[in-house]
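# Structural description and commentary
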Amino acid sequence: MAMSCMKLGSKSEVFHLHQDSNTWICSSGLPSDVTIEIGDVSFHLHKFPLLSRSKMLENLIEDSSDDEKGIKLEDEKQSCVLKLHDLPGGPKTFLLVAKFCYGVKLEVNSTNVVSLRCASEYLQMTEEYGEGNLVSHMETFLGEVFGSWTDTLKALDSCDEVIQFAEELHIICSVGPFRAAKNDPFATVIWNGIQSSSTNQDWWYEDVSKLRLPLYRQFILAVDSRGMDQEQIAGSLMFYAKKHLPLLGRQPGFHSGNLSSSFDSSSDQKTLLEEIVDLLPSQKRVVPTKLLLRLLRTSMILHCSPLCRGDLERRIGVELDQASIEDILIPNMGYSSETLYEIDCVQRILDHFVVVYRDRDGDQDQDGSEITESGCLAENDDDELIGNSRSLTPMTMVSNLMDNYLAEVASDINLKLEKFRTLAATVPDYARAMDDGMYRAIDIYLKAHPWLTDSDRELVCRLMDCQKLSLEASTHAAQNERLPLRFIVQVLFFEQLRLRTSVSGCLYLSDNYNSQINLSSSMVIPESGNVQLLAAGENDRRIVAVDDMRGRVSELEKECFTMKKEIDKLVKTKGISWSSLCKMFGLGLRLKSKSKSRDACASSNARGGKRAASPSRIKDGRNGENEDQEKGESGDRD
């Protein structure tokens, strides 16, 4: 694509470079009466063409005797010297300005339009000093330049030399809006209303990553103010960071960074990272949590400001449920670090998540539906269960994440008990459906810290609920000598209580099933031809149900026997009697009362001909009962 250009002036060239290569002379035939110095380059010109176009030059020429304005009156020919060392664009740009004032032919393109626009503003070349002055011409041509992406990049790249003036004139903010359809591999790019094909929505990332940081910052602010999609802005920022931050580029999961980046020193990379974090959109989840954690880790290496690190921690805290255990295992970068990992940093991130989650959960669920005081979704009462379970998902995910994290850091011998307890207790109890993960972390911590006192071990074990342990975890805990005796007995007691409840539930279901069968058989009056078939079907179902119940009761008996052996082993090894053990936990009265009621039930069942009182006698009782029923049915059939 050809570069846009604008041709001004009609006169032939009159400017020639002197042999010393530092002096430009206007060969118009008239002697020069003004000399303009810009850096080490001099221009020997004439007053009238300049003051007729520039208000600033007119004022300087009129006040040529004023030393404070940088003007020095020289010889008797009234030739004055004007020093414009801070002119935007320097000598190269001023040569084009001089040609415009003299009406000489010149070409304006996307590489010099920005410097000419800044210089014309600096010299006050407005319409008050001649119709069709340089300011108006440059404004018009900038609109044409920003209509092409290629010309826009060239114009932006040329802003480096005049970045301060370009910011004051809001030139970069004039960059036209563009967008690409999301999630469309064959998206149409719309740039200032001009459509062109693109293969991806990140087609512009590489182009703008070549801009220097100050200019890139202005560009991002400009497109953001014009409604650019937040995900695309975040994508561009991360692309820029990975390209120019070698430390970030070498992190696992990233492409290799550009080691030839202009940000070579640590201070430059620190500035870059702080700028990137400051420019990140505030919208949630536009930057993956993994990338945010990489930025946080790099900020620790570069010793970025606390403000930068705090901002990253807050952003990560909002979406901590999307993190993985590998991401939050951040090594401690401090010279006087006590622990191997950044425990305090993870604690702050977790605190942010809990605060945000509780505030959000009190007002809305994840989809933005309002929640009433009863916890039901106001929009759709039928989705109450679905909505409540969904709202618990982030906290549950974070709970599992923190259990795994605690298990990883628990082996650090320098990890203080208070830090371990604080981190574990930050997650609410309701977030853990099972405490197996918490038990694993506690066991590792106790193993790595054998010097803990009995009271300290008690404090650690209070972090978990022994009633929320699985059978496998309970079995392991019952044999774990690192746990306090009080906790081991609680595990055994609640496990036996759980088994006893399961047995009672199975017996209740079995009796209820038999009652329903008897009731249904008495209410249904089959036809005479189907009596035998119906009776045989009911008998088969009863046999299958009884066989299933036998297997379940047999399993429960084995589990009860195993638990009893563990308790007996504990009593023998610790030298504690059963009576003192029960008194220690206040279980004596409850066990005695349950034993009496069990004996009473056994006596009553014996008198009534039933054998369902004791689990050890369930099997025989069921056999007898089944035989009685079969005899009764056969009698009825006869």
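Basis of the calculations
Residues numbered from 1 in each chain as written. Predicted model: local features only at pLDDT ≥ 70, side-chain atom pairs only at ≥ 80, totals over all residues. Heavy atoms only, no water. UniProt positions renumbered as here; feature names shortened; annotations may be inferred. Helix = DSSP H or I, 4+ residues; strand = E, 2+ residues; numbered from the N terminus. Polar contact = N/O pair within 3.5 Å; in protein donor to acceptor, adjacent residues only side chain to side chain. pLDDT = per-residue confidence, 0-100. Contact = heavy atoms within 4.5 Å. Salt bridge = Lys/Arg side-chain N within 4 Å of Asp/Glu carboxyl O. Buried < 20%, exposed > 50% of the residue type's maximum accessible area, 1.4 Å probe, protein only. Expected span 1.5 Å × (residues − 1). Core = buried A, V, L, I, M, F, W, Y, C linked by side-chain atoms within 4.5 Å. Disulfide = S-S within 2.5 Å. Pairing = 2+ DSSP bridges.

As annotated in an unreviewed UniProt entry, the protein carries the name Phototropic-responsive NPH3 family protein and comes from Centaurea solstitialis. Database annotation for the protein, UniProt heading Pathway (unreviewed entry): "Protein modification; protein ubiquitination." Looking at the protein in UniProt, the text filed under Sequence similarities (unreviewed entry) is "Belongs to the NPH3 family."

## Some words on the side chain of Thr-426
Secondary-structure assignment places Thr-426 in helix α18 (residues 417–426). A polar side-chain atom of Thr-426 sits 3.0 Å from a polar atom in the side chain of Gln-347.

## Side note on the confidence of the model for the protein
Low pLDDT means the predicted atomic positions in that stretch should not be read closely. Scored by pLDDT, the protein comes out at a mean of 76, with 64% of its residues at no less than 70. For the protein, the element scoring lowest by mean pLDDT is helix α26 (residues 618–637), at 43; helix α4 (residues 113–122) scores highest, at 96. Note on residues 363–391: pLDDT is under 50 here. Beyond four places in sequence and across chains, it has 28 contacts. For the stretch residues 520–531, pLDDT sits under 50, and the model shows three contacts to residues farther than four places along the chain or on other chains.

## Topic: the environment of Gly-9
In this fold, Gly-9 is placed in the loop between β1 (5–8) and β2 (15–17). With 97 residues separating them in the primary sequence, Gly-9 and Leu-106 have C-alpha atoms 6.4 Å apart. Apart from residues lying up to four places away in sequence, Gly-9 is in contact with Gly-103, Val-104 and Lys-105.

## A short note on the pattern of salt bridges
Under the counting rule described, the total for this entry stands at 16 salt bridges. One salt bridge in this structure joins Asp-327 and Lys-290, with 3.1 Å as the shortest N-O distance. Taken together, the residues Asp-327 in helix α15 (residues 325–328) and Lys-290 in helix α13 (residues 289–301) connect sequence positions 37 residues apart. We classify Asp-327 as buried; its relative accessible area is 5%. Its salt-bridge partner being Asp-443, residue Arg-482 comes within 2.9 Å of it at the nearest N-O pair. Of this pair, Arg-482 sits in the loop between α21 (471–478) and α22 (485–523) while Asp-443 sits in helix α19 (residues 436–448), placing them 39 residues apart in sequence.

## As for helix α14 (residues 306–318)
Given 3.6 residues per turn, any residue in an α-helix points the same way as the ones three and four places further on. Counted at 1.5 Å a residue, the expected span for α14 with its 13 residues is 18 Å, and the 18 Å between its end C-alpha atoms agrees. Along α14, the residues classified as buried are Cys-308, Gly-310, Leu-312, Glu-313, Arg-315, Ile-316 and Gly-317.

## Structural notes on unusual backbone geometry
A positive phi angle, close to 55 degrees, is found at Gln-124, a residue other than glycine. Within the secondary structure, Gln-124 is located in the loop between α4 and α5 (134–145). Looking at Gln-124, the relative accessible area reads 32%, which means it is partly exposed. Although it is not a glycine, Arg-285 adopts a positive phi angle of roughly 70 degrees. Positionally, Arg-285 belongs in the loop between α12 (266–279) and α13.

## Some words on the nonpolar core
Of all hydrophobic cores here, the largest spans 146 residues; its most connected members are Ile-36, Leu-45, Phe-94, Phe-219 and Phe-420. When neighbours within four sequence positions are excluded, Leu-45 is seen to be in contact with Phe-15, Cys-26, Ser-32, Asp-33, Val-34, Ile-36, Leu-50, Phe-94, Ala-98 and Tyr-102.

## Some details on the state of the cysteines
Applying the stated rule across the entire model yields zero disulfides. Take Cys-466: it sits in no disulfide, and the sulfur closest to it among the cysteines is that of Cys-461, at 10.0 Å.

## Considering the pairing of strand β5 (residues 41–45)
Counted residue by residue, β5 has four buried out of five residues, so it is predominantly covered. Pairing geometry for strand β4 (residues 34–38) and β5, over five bridges, is antiparallel. Along β5, the bridge assignment pairs Ile-38 with Val-41. With antiparallel pairing between neighbouring strands as the criterion, β4 and β5 make up a hairpin whose turn holds two residues, including Gly-39 at a positive phi of roughly 65 degrees.

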